[in-house]
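In case you want the letters, here they are:
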Amino acid sequence: IKKSPADLSILIEEIVHLYKSYKGIEINTTIPDNIPKAEVDEEQFKRVLINIFENAIQAMPDGGQIHIALDHDEMDTKAYIHITDNGPGISDADKEKLFLPYFSTKTNGTGLGLAIAHRIISEHGGHIRIKNNEPHGTIFTIEIPIKER
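Before going into details, it helps to say that this report is about the structure given with it. (Residues numbered from 1 in each chain as written. Predicted model: local features only at pLDDT ≥ 70, side-chain atom pairs only at ≥ 80, totals over all residues. Heavy atoms only, no water.)

## Some remarks on the sheet that holds strand S5 (residues 78-85)
Line of reasoning, step 1. The strand order S2-S4-S5-S7-S6 describes an open sheet built from five strands, whose pairing is mixed. Edge strands, defined here as strands with exactly one partner in the open sheet, are strand S2 (25-30) and strand S6 (127-132). Across the sheet, the axes of successive neighbouring strands diverge by a mean angle of 15°, strand direction being ignored.
Line of reasoning, step 2. Both S5 and strand S7 (residues 138-145) contribute to a ladder of eight bridges, which runs antiparallel. Paired with threonine 84 across the bridge in S7 is isoleucine 139.
Line of reasoning, step 3. Seen against the sheet, helix H4 (residues 113-123) touches S6 and S7 and runs at an angle of roughly 30° to S7. (Pairing = 2+ DSSP bridges. Helix = DSSP H or I, 4+ residues; strand = E, 2+ residues; numbered from the N terminus. Axes fitted to C-alpha atoms, helices over the stretch in contact; angles between N-to-C directions. Contact = heavy atoms within 4.5 Å.)

Structure, rendered in structure tokens:
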């Protein structure tokens, strides 16, 4: 990991741009203007976002919605990226294993994508969590430290 100050809103917009033309997938963003820069390895961080987007799109073969929101705490110590889809969701039993190497709910998956994403976020001093999106779907939340100003 080679960290440098990065504008998370630009990174998110780059990933959204990659996927905005996927047929049947609607992508919305909520990105405020006042997010401080974060110390991240931009390429590695993009890998994390791409992996979560790919999983969401594969979970919604008939189309759906992805919403990505960026915010931060008032003390400017952490940034939060929430990636929400309205797919079928993930069972509670699978949630417990989701970040383990070689675990996959897909027949053609290697089970490494989310394990690698988890490792990358951990190496940034952050956390990645998953919860249900009511009434259906999944929310991935990435929490990472923001560089001290």
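## Regarding the environment of leucine 11
Line of reasoning, step 1. Of note, leucine 11 is situated in helix H1 (residues 8-19).
Line of reasoning, step 2. Separated by 32 residues in the primary sequence, leucine 11 and glutamate 43 place their C-alpha atoms 9.3 Å from one another.
Line of reasoning, step 3. Those residues in contact with leucine 11 that sit more than four places away from it in its chain are Ala6, Val40, Glu42, Phe45 and Lys46.

## Topic: the pattern of salt bridges
Line of reasoning, step 1. Overall, the coordinates contain six salt bridges when judged by the stated rule.
Line of reasoning, step 2. The closest approach of N and O atoms between glutamate 123 and arginine 119, which form a salt bridge, is 3.2 Å. With a gap of four residues between them, glutamate 123 and arginine 119 both fall in helix H4, about one helical turn apart.
Line of reasoning, step 3. Under the relative-accessibility criterion, glutamate 123 is labelled partly exposed at 39%.
Line of reasoning, step 4. We note a salt bridge from arginine 129 to glutamate 143, for which the minimum N-O separation is 3.1 Å. (Salt bridge = Lys/Arg side-chain N within 4 Å of Asp/Glu carboxyl O. Buried < 20%, exposed > 50% of the residue type's maximum accessible area, 1.4 Å probe, protein only.)

## A look at the layout of surface pockets
Line of reasoning, step 1. Each pocket or cavity is described by its volume, and for the largest pocket that value is around 550 Å³.
Line of reasoning, step 2. Along the walls of the largest pocket sit 27 residues, with Asn55, Leu98, Thr105, Lys106 and Leu114 positioned nearest its centre.
Line of reasoning, step 3. For the lining of the largest pocket, the elements supplying multiple residues, two or more each, are helix H2 (42-59), S5, H4 and S7.
Line of reasoning, step 4. Ranked by residues supplied to the lining of the largest pocket, first place goes to H2 with six residues.
Line of reasoning, step 5. Taken together, the residues that form the lining of the largest pocket break down as 12 nonpolar, 13 polar and two charged. (1 Å grid on protein atoms, 1.4 Å probe; cavity = no way out; pocket = protein on both sides within 12 Å on 5 of 7 lines; lining within 4 Å. Points joined across faces, edges and corners; volume = space filled by probe spheres on them. Nonpolar A, V, L, I, M, F, W, Y, C, P; charged D, E, K, R; others polar.)

## With respect to the packing of aromatic side chains
Line of reasoning, step 1. Enumeration over the complete set of coordinates arrives at three aromatic pairs.
Line of reasoning, step 2. Geometrically, the ring pair formed by tyrosine 19 and tyrosine 22 is tilted, given 5.3 Å between the ring centres and 50° between the ring planes.
Line of reasoning, step 3. When its relative accessible area of 4% is taken as the criterion, tyrosine 19 is described as buried.
Line of reasoning, step 4. The exposure class assigned to tyrosine 22 is partly exposed, which follows from its relative accessible area of 33%.
Line of reasoning, step 5. Summarising the aromatic geometry, the rings of phenylalanine 99 and phenylalanine 140 are spaced 6.4 Å apart at their centres and angled 80° between planes, so their arrangement reads as edge-to-face. Here phenylalanine 99 is found in the loop between helix H3 (92-97) and H4, whereas its partner phenylalanine 140 is found in strand S7, with 41 residues between them in sequence.
Line of reasoning, step 6. Phenylalanine 99 gets classed as buried once you look at its relative accessible area, which sits at 17%. (Phe/Tyr/Trp six-rings, centres within 6.5 Å; stacked < 30°, edge-to-face > 60°.)

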